Amino acid sequence: MKRLFKTLQGLWSLAVGLKITGVELFKPWLTVHYPRQEVDNLATFRGHIELVPAADDPQTPRCIMCWKCVEICPSRCISLRLHAVGEGAEAGDPGLLLAPELKSPYSAHLPPPPDKIERVLDSYRLNYSLCSLCGLCVQSCPVEAIRFSRNAYLVGTTRQDFDLDLLARLRNPVDAPRPPGPRPPT
Amino acid sequence: MSQDANARLTGDFYTAPFGPRIEEEGDTLILNMGPQHPATHGVLRVIVELDGEYIRRAEPVLGYIHRMHEKMGEVKSWVQYLPNMGRVDYLHALAWNWAYVGAVEKLMGLAVPPRAEYIRVITCELNRINSHLLWWGAYLLDLGAFTPIVYAFADRERIMDLLQMVTGSRLTYCYYRFGGVSADLGDEFIRGTHEFVADFRKRLPMYRGLVTDNMILRGRCEEIGVLSPETARRYGATGPVLRGSGVAYDVRRAEPYSVYDRLDFTVPTGRNGDAMDRYEVRMEEMNQCLRIIEQALEALPDGAHIAPDLSERLLPPKGEVYFAVEGARGKIGVYLLSDGGPTPYRVKLRAPGFSNLSLFAELAQGTLLADAVSILGSLDLVIPEIDR
Ligand code: SF4
Ligand code: SF4
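Worth saying up front: this structure is predicted, and the values here are computed from it rather than measured. (Residues numbered from 1 in each chain as written. Chains lettered and ligands numbered in written order. Predicted model: local features only at pLDDT ≥ 70, side-chain atom pairs only at ≥ 80, totals over all residues. Heavy atoms only, no water.)

**Quick word on the interface of chain A and chain B**
- Every contact between the two is made by 24 residues of chain A and, on the other side, 29 residues of chain B.
- For the chain A and chain B pair, buried surface summed over both sides reaches about 2100 Å², with 53% attributable to carbon and sulfur atoms.
- Of all residues in chain A, Ile20, Thr44 and Arg46 of chain A bury the most surface against chain B, accounting for 22% of the area lost on that side.
- Scanning the region where chain A abuts chain B turns up 0 salt bridges.
- Here chain A is connected to chain B by 8 residue pairs in polar contact (both at pLDDT 80 or more).
- Elements that contribute at least two residues to the side of chain A that touches chain B include exactly helix H1 (2–25), helix H2 (68–72) and helix H3 (136–140) of chain A. (Contact = heavy atoms within 4.5 Å. Buried area = accessible area lost by both parts, 1.4 Å probe. Salt bridge = Lys/Arg side-chain N within 4 Å of Asp/Glu carboxyl O. Polar contact = N/O pair within 3.5 Å; in protein donor to acceptor, adjacent residues only side chain to side chain. Helix = DSSP H or I, 4+ residues; strand = E, 2+ residues; numbered from the N terminus.)

Shown next as structure tokens:
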């Protein structure tokens with residue numbers, strides 16, 4: 001008798017489960033059918049980092065070349081190159097210009113470097129295949145010169161495809177995020 | 001060298017005990033479960049010696065996904081080690097975040113603003129539900145039920161959308177910072193979380209009707225893998241595995257950190273210590289998480305989300321520190337030794353999964369092979385965390 005009751009109870013539990021799946025069958029789709037539809041929450045998505053243009057010129061990066069992002073990145077994905085222009089440019093190695101107030105015995109006899117040395121960013125590269133999207137570079141930048149892009153659809157077939165030249169991307173935005181929704185027919 | 005010693009030298013350290021015994025004990029079969037096996041969720045290998053359908057001996061083999069996380073801590077600066085934490089246990093990444101930043105904060109005596117504490121509680125508990133949901137789906141998948149994981153993923157998706165709003169990532173979060181969190185909660189997140197809590201509360205009884213009360217599940221879980229509290233203690237098991245055996249040990253209650261002592265929640269425990277009890281404990285824990293989130297949202301104070309006057313180059317003083325938090329799988333501990341330099345001198349991570357897996361060899365002895373899969377699933381293992 002007890003066993004019969006237990007079996008009936010078990011069978012009923014199966015019926016309850018089937019009812020739930022049955023109800024679910026008639027609910028609207030939750031999944032997004034990718035090429036035809038796209039997700040709509042990319043506003044908070046972190047893609048690779050990108051340079052922020054200066055307020056007055058969309059072609060120039062806001063970056064002041066302070067090297068902070070390069071230093072803090074755990075995976076060393078960022079590398080920049082720069083050169084000095086104008087007065088003091090001939091002082092040589094741009095690396096030394098980072099701290100013009102420093103004097104060594106070798107530079108003591110040289111005329112004092114100018115207070116401000118104009119520098120130009122030659123390249124800002126990101127090796128995206130190493131990046132863990134931790135956000136430390138973005139947060140450590142003193143002038144908010146980098147931000148996360150919304151580029152969720154970056155694909156490539158070689159490792160070199162992910163060695164991104166961010167400066168070139170700033171000047172020539174190749175893959176600005178498209179508005180969500182079906183692609184326009186090409 | 002004798003014949004016997006030669007025989008023992010074949011194979012690796014783990015296979016050695018399986019070799020020469022076979023002839024003595026008769027007709028048994030050695031079977032490798034894994035490293036690529038659908039029931040081990042990651043690269044775990046279990047060597048089992050079968051006598052018919054029954055397991056005579058089982059031996060988990062670890063190390064296939066060892067990534068030197070502890071060693072990496074010694075070569076990266078304090079702050080650069082943060083992203084590693086999300087990758088130790090990808091399912092409850094925020095608890096690992098918390099264990100590490102908590103340890104450094106304790107070492108430096110850094111105060112965390114109250115708003116940041118509450119933000120940590122809310123996000124960490126959301127992440128815990130997320131982790132339990134994936135366990136739930138994957139465990140039932142092990143037992144042969146495909147549909148539940150789809151339901152679990154529908155809910156997981158909502159949590160991931162919420163967490164993406166504040167952390168920017170969906171799985172391997174790197175969100176907590178020394179002295180706070182990296183971004184403040186927005187109104188949209190708070191609204192979304194309120195909605196999620198209300199909806200998920202309705203989903204839990206549905207889960208019960210769909211699976212928990214199901215006679216097939218009960219047949220696969222009840223009285224399977226009975227773990228006595230003594231055995232659990234002997235292996236250092238924590239989390240739902242220990243609580244399923246009736247020991248109400250939860251780091252959030254036993255050694256309260258952050259603001260957990262101000263929140264009202266219960267620590268669910270089981271009675272028999274079988275797979276069903278571990279299951280029920282996790283299901284009830286999700287309910288308790290909802291309660292914690294609600295209270296924390298209610299009490300969320302205004303103010304800064306990160307301590308304002310942090311020096312740029314963080315240099316903790318000389319000393320050692322241990323800090324533990326409650327993760328979805330148990331007690332997560334981070335031990336740090338600092339010599340005052342720019343990197344930690346030594347990092348030791350206590351992964352709860354390691355202790356929880358160790359008792360599998362004992363639990364599986366004498367069970368059916370199919371039940372061993374159920375036991376393995378009920379331990380909720382994340383292999384990357386075990387190997388670290
Ligand atoms: S997000 Fe992290 S890993 Fe990626 S470039 Fe920035 S600091 Fe490096
Ligand atoms: S931290 Fe900002 S300003 Fe400094 S080098 Fe990096 S991008 Fe440029």
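**A word on the nonpolar core**
All names here are of chain B.
- With 88 residues, the main nonpolar core has Trp98, Tyr100, Ile129 and Tyr279 as its most contacted residues.
- What Ile129 contacts, discounting residues up to four positions off in sequence, is Ile159, Phe196, Phe200, Met286, Cys289, Leu290 and Ile293.
- By size, the runner-up hydrophobic cluster in this structure holds 28 residues, among which are Ala232, Leu242, Val373 and Leu381. (Core = buried A, V, L, I, M, F, W, Y, C linked by side-chain atoms within 4.5 Å. Buried < 20%, exposed > 50% of the residue type's maximum accessible area, 1.4 Å probe, protein only.)

**Digging into the site of ligand 1**
- Around ligand 1 sit Cys73, Pro74, Ser75, Cys77, Ile78, Leu126, Cys131, Ser132, Leu133, Cys134, Gly135 and Cys137 of chain A, and that is every residue in its neighbourhood.
- In terms of residue class, the shell around ligand 1 is made up of 9 nonpolar, 3 polar and no charged. (Near = heavy atom within 4 Å. Nonpolar A, V, L, I, M, F, W, Y, C, P; charged D, E, K, R; others polar.)

**Remarks on the domain arrangement of chain B**
Residue and element names in this part refer to chain B.
- Taken domain by domain, chain B consists of domain 1 (3–61) and domain 2 (69–362 + 373–382).
- In this structure, domain 1 and domain 2 have C-alpha centres spaced 33 Å apart.
- In this complex, domain 1 contributes 9 residues to the contact, which on the side of domain 2 involves 8 residues.
- Both faces considered, domain 1 and domain 2 share a buried interface measuring about 740 Å² in area, 75% of it formed by carbon and sulfur atoms.
- In this structure, the connection of domain 1 to domain 2 is made through 0 salt bridges.
- Across the contact surface, domain 1 and domain 2 share 0 residue pairs in polar contact (both at pLDDT 80 or more).
- Looking at the side of domain 1 that touches domain 2 residue by residue, the class counts come to 7 nonpolar, 2 polar and no charged. (Domains from an automatic or database assignment.)

**Focus: the sheet that holds strand S3 (residues 54–61) of chain B**
All names here are of chain B.
- A sheet is described by the order of its strands in space; here 3 strands give the open sequence S1-S2-S3, paired in antiparallel fashion. With partners counted over all chains shown, the strands left at the sheet margins are strand S1 (29–33) and S3, one partner each. Ignoring strand direction, the axes of neighbouring strands in this sheet form an average angle of 20°.
- Judged from the 7 bridges that link them, strand S2 (residues 45–51) and S3 form a sheet pairing that is antiparallel. (Pairing = 2+ DSSP bridges. Axes fitted to C-alpha atoms, helices over the stretch in contact; angles between N-to-C directions.)

**Thoughts on the environment of Val32 of chain A**
Residue and element names in this part refer to chain A.
- Positionally, Val32 belongs in the loop between H1 and strand S1 (49–51).
- Using a relative accessible area of 39% as the deciding quantity, one classes Val32 as partly exposed.
- Counting along the chain gives 111 residues from Val32 to Val143, while the straight-line C-alpha distance between them is 38 Å.
- Dropping the residues within four chain positions of it, Val32 is found in contact with Gln37, Glu38 and Val39.

**Notes on the environment of Phe196 of chain B**
All names here are of chain B.
- On the secondary structure map, Phe196 appears in helix H8 (residues 187–212).
- Here the alpha-carbon distance between Phe196 and Leu126, two residues 70 residues apart in the chain, equals 10.0 Å.
- Setting aside chain neighbours within four positions, we find Phe196 in contact with Leu126, Ile129, Asp155, Arg158, Ile159, Leu162 and Leu290.

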